[in-house]
Structure formats: C-alpha cells, structure tokens
Amino acid sequence: MTGTYDRKWEIDFLRGIAIILMVFFHLLYDLEFLGYHESNVQTEIVYLIGRAAAFLFIFVAGISLTLSFSKQLELEQTKPKFTKYVKRGLKIFLWGMVITAGSYIFLKEGIIIFGVLHFIGVAIILSYPFLKYRIPSLVTAILIIITGMLLRTITIEQPWLLWIGIQPTGFRSYDYFPLIPWFGVMLIGIFTGNELYPQYKRKFALSDISELLPIRILTYMGKRSLLIYLLHQPVLIAILYIAGFADLSQFTS
C-alpha cells in the first residue's frame, strides 16, 4: 500500500544520524583506548556526542514502536499482541548478551553488563502498556528521569540493581544504559510518536526529499541500525589495525 501508510523515511533518517554519531564517538573512544588520541571522552564534547547519539537512538526507538503499533491498528484493525514485543525485546536483549560475552573475552575492565541493547530489549517489553497513550507516557517519563537523577547519588555493594540504575561502588562499564533514567527517554519518544503520527498519519507537512543521495544513505543506514551496531566495533578495530593504530594483543592479553 502506498501513500499515507508508507514507511516514514524521516524516522530512518534520524536513526541514521544517530548511527553516524555513535560510530564517530566509538572511533574516538577506540583511539583513546589504544593511546593514540587523548580526547577525555568522559568529560569533553566527545562525551556529549556519545550521549546525543544514545538519546536520539532511544528516542527514535520509542517513536518507531508507536508507528508499528498504530500501523497494525489502522491496516489490520487488530491490536498488536504483547507476545510480539516480548519476542522482539528478547531478540535484541540476547544480542546484548553476545556483546557482554565479547567484552568479557576482550576487555580487561569495563565489561558491558547492561548496555544499550540490553536496555532496548527490556524497554521494548515494558513499553507495551504505553504505546497508545500520550500524557501517561510523558508524565511517567518525567518521573523516571527525575528518579534517575536521584539514583545517581546512591551506591550499594552488590550489582543486582545495576539494570535499574543503582550502581555498586567502583562500578565501571564501557556501555551502561540502566532503565532509570533511559526508559524515560523511550517514553518521550512514545509520547512524540503518538503526538506527531496519530493513526500512523503525519500531523505535519513534510516535503519528500528521501530520494536525495545523502538522505538515501542515512535512511539506508537507519533501516539497518542493529546490524551496523553489531558490526561497527569489529570493523573499526580492523581498520585501525590495518592502519597501524591497533595492537590486537592488548585485547587478548
């Protein structure tokens, strides 16, 4: 079917921008990790780029969930089943566990325990009750983000609440996205999706520039964001190794 119910290219475009920011951030992160670039990624503008990439990626994920939900309602006149989101969430969470295993093998410290894929997998499942609603999503998002600010001051000795946002003393990870506050960002995306795309229709005018080459490249990347996320770090390391920047022995010693 064409027209109103076409795939919203601007969502893939935004996701493509997030992917570009993420790859750039990880390139600089890798160079610092290898000792070739001192950008101090935890405190300078590079860190903000990384946070912007994560915010945009998770925000767009929330919008995408509402589009998928409303599209099925409009086209098939049936409410998407909860099991669909459970399966989708578990699939992404399991890819997160693959990354956890890889970080355990190759990293000496900062092992990825609850990274962005773990988070998105769980958040997709938790988002189901909110997918039709604007105001409840926004109010809950605000409460979660405020709670996240408070949790940053709390530390415990055990790691069992890491996934929520309560960190043990001395905890460090190269990729950490707890449900609080990041689920609030996804809920803002759900609010935005319901606000801007009611019944899967744009509430605003937008010229179709999706055939312009730069837009096509970014939308292409956006459609394949999971694959790019899974592959980009091995590819970056391989490129840095070929260029003489990486000694692979430091990942296995």
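For every chain, the first residue of the written sequence is number 1, and numbering continues from 1 onward in sequence order. Reporting of local features is limited, given that this is a predicted model, to residues whose pLDDT is at least 70; pairs of side-chain atoms are given and counted only at 80 or more, and all residues count toward the totals for whole chains, interfaces and linings. Water and hydrogen atoms play no part in the side-chain values, which are based on all heavy atoms of the structure.

Asks: Explain the overall build of the protein here, please?
Replies: Helix and strand counts for the protein stand at eight helices and two strands. Secondary structure elements of the protein occur, N-terminal to C-terminal, as α-α-α-α-α-β-β-α-α-α. For 253 residues, the compact-globule formula gives about 18 Å, and the C-alpha radius of gyration of the protein, at 19 Å, lands near that figure. Once the C-alpha set of the protein is aligned to its principal axes, its extents read approximately 55 × 45 × 30 Å. Throughout, exposure labels follow a simple rule: accessible area from a 1.4 Å probe, protein chains only, divided by the maximum for the residue type, with under 20% read as buried, over 50% as exposed, and the rest as partly exposed. Across the 253 residues that make up the protein, the buried fraction comes to 43%. Note on areas: Shrake-Rupley with a 1.4 Å probe; residue coverage comes only from the protein chains shown. For the protein, the accessible area works out to roughly 14000 Å², and carbon and sulfur atoms hold 67% of it. Positive residues here are Lys and Arg, negative ones are Asp and Glu, while His and the chain termini are left out of the count. By convention, the point assigned to a charge is CZ for Arg, NZ for Lys, CD for Glu and CG for Asp. Charged side chains of the protein number 22 positive and 16 negative; the gap between the two group centres comes to 12 Å. Every helix listed is a DSSP run of H or I at least four residues long, and every strand listed is a run of E at least two residues long, numbered separately from the N terminus. When we talk radius of gyration, it's over C-alpha atoms, and the globule rule is simply 2.2 Å times the number of residues to the 0.38.

Asks: How should the pattern of salt bridges be read in this particular structure?
Replies: One side chain can pair with another of opposite charge once the charged atoms of both are near each other. A pair is scored as a salt bridge if a Lys or Arg side-chain nitrogen falls within 4 Å of a carboxyl oxygen belonging to Asp or Glu. Inspection of the entire model under this criterion finds six salt bridges. Across the pair Glu10 and Arg202 runs a salt bridge whose closest N-O atoms are separated by 2.8 Å. Here Glu10, found in helix H1 (residues 9-33), pairs with Arg202, found in the loop between helix H6 (179-196) and helix H7 (213-223); they are 192 residues apart in sequence, far enough to count as distant. We classify Glu10 as buried; its relative accessible area is 8%. Notably, a salt bridge pairs Glu195 with Arg134, separated by 2.7 Å at the nearest N-O pair. Linking Glu195 in helix H6 with Arg134 in the loop between helix H4 (116-127) and helix H5 (135-151), this pair joins segments that are 61 residues apart in sequence. Residue Glu195 is classed as partly exposed on the basis of its relative accessible area of 24%.

Asks: Looking at this model, I keep getting lost on the UniProt feature "transmembrane region" (unreviewed entry) in the protein. Mind explaining?
Replies: UniProt records the feature "transmembrane region" (unreviewed entry) at residues 12-29, 49-69, 89-106, 112-131, 138-156, 176-197 and 226-246, using the numbering of this structure. Along residues 12-29 the backbone is 100% helical and 0% strand, and the end-to-end C-alpha distance reaches 25 Å. Between the end C-alpha atoms of residues 138-156 there is a gap of 30 Å, over a span that is 74% helix and 11% strand. UniProt positions are given in the numbering used here, feature names are shortened, and annotations may be inferred rather than shown by experiment.

Asks: What is the right way to read the side chain of Ser137 from this model?
Replies: Positionally, Ser137 belongs in helix H5. You can call Ser137 buried: its relative accessible area is 0%. There is a polar contact of 3.3 Å between the side chain of Ser137 and the backbone oxygen of Phe130. Among all residues touching Ser137, those that are not within four sequence positions of it are Phe130, Leu187, Ile190 and Phe191. We define a polar contact as two N or O atoms separated by no more than 3.5 Å, with the added condition that, inside protein, one atom must be a possible hydrogen donor and the other a possible acceptor, whereas residues neighbouring each other in sequence contribute only through side-chain atom pairs. Residue contacts follow a heavy-atom distance rule, with two residues in contact if any of their heavy atoms lie within 4.5 Å.

Asks: Just to check I follow, could you spell out the layout of surface pockets for this structure?
Replies: Using a probe with the size of a water molecule, rolled over the atoms, empty space left in the structure can be pinpointed. Cavity and pocket criteria rest on a 1 Å grid covering protein atoms alone: a 1.4 Å probe that fits but cannot get out defines a cavity, protein on both sides within 12 Å along at least 5 of 7 lines defines an open pocket, and an atom within 4 Å of a point defines a lining residue. Grid points are joined across faces, edges and corners, and a volume is the space filled by probe spheres set on the points. Taken as a whole, the second largest pocket holds about 700 Å³ of empty space. Lining of the second largest pocket is provided by 27 residues; of these, Arg7, Arg15, Ser64, Arg88 and Ser225 occupy positions nearest its centre. Those elements that provide at least two residues to the lining of the second largest pocket are H1, helix H2 (45-76), helix H3 (82-106), H4, H7 and helix H8 (225-242).

Asks: Which parts of the structure should I look at to understand the nonpolar core?
Replies: Among soluble globular proteins, nonpolar side chains are generally buried collectively. Ranked by size, the top nonpolar core spans 48 residues in total, and within it Ile58, Phe119, Phe183 and Met186 carry the most contacts. For this core, the secondary structure elements donating two or more residues are H1, H2, H3, H4, H5 and H6. Residue contributions to this core peak at 12 residues, all from H2. Non-local contacts of Met186, meaning those with residues more than four positions away in its chain, are made with Ile58, Ala61, Gly62, Leu65, Ala123, Ile124 and Ser127. Only buried residues count toward a nonpolar core. Its members are Ala, Val, Leu, Ile, Met, Phe, Trp, Tyr and Cys residues joined through side-chain atoms within 4.5 Å. Membership of the second largest hydrophobic core comes to seven residues, among which are Phe25, Tyr29, Leu34 and Leu240.

Asks: Even after reading the chapter, I still don't get the packing of aromatic side chains, so can you show me in this structure?
Replies: Here a ring pair, both rings aromatic, is described through the centre-centre distance and the interplanar angle of the planes. Classification of ring pairs uses Phe, Tyr and Trp, with its six-membered ring standing for Trp, and accepts pairs whose centres are within 6.5 Å; under 30 degrees between planes counts as stacked, over 60 as edge-to-face, and the remaining range as tilted. Here the structure, examined in full by the defined rule, presents 11 aromatic pairs. Here Phe25 and Tyr29 contribute two aromatic rings whose centre-to-centre distance is 5.5 Å and whose plane-to-plane angle is 80°, an arrangement assigned as edge-to-face. Taken together, the positions of Phe25 and Tyr29, both in helix H1 and four residues apart, correspond to about one turn of that helix. With respect to burial, Phe25 and Tyr29 carry one shared label: buried. Residues Tyr29 and Tyr174 carry aromatic rings whose centres are separated by 5.6 Å and whose planes lie at 75° to one another, so their mutual orientation is edge-to-face. Here Tyr29 is found in helix H1, whereas its partner Tyr174 is found in the loop between strand S2 (167-168) and H6, with 145 residues between them in sequence. Among the aromatic residues, those joined into a cluster by ring pairs are Phe69, Phe82, Tyr85 and Tyr128. In this arrangement the basic side chain of Arg224 is found over the ring face of Tyr220, its NZ or CZ atom lying 3.8 Å from the centre. To sit over a ring, a charge needs its Lys NZ or Arg CZ within 6 Å of the ring centre and within 35 degrees of the ring normal.

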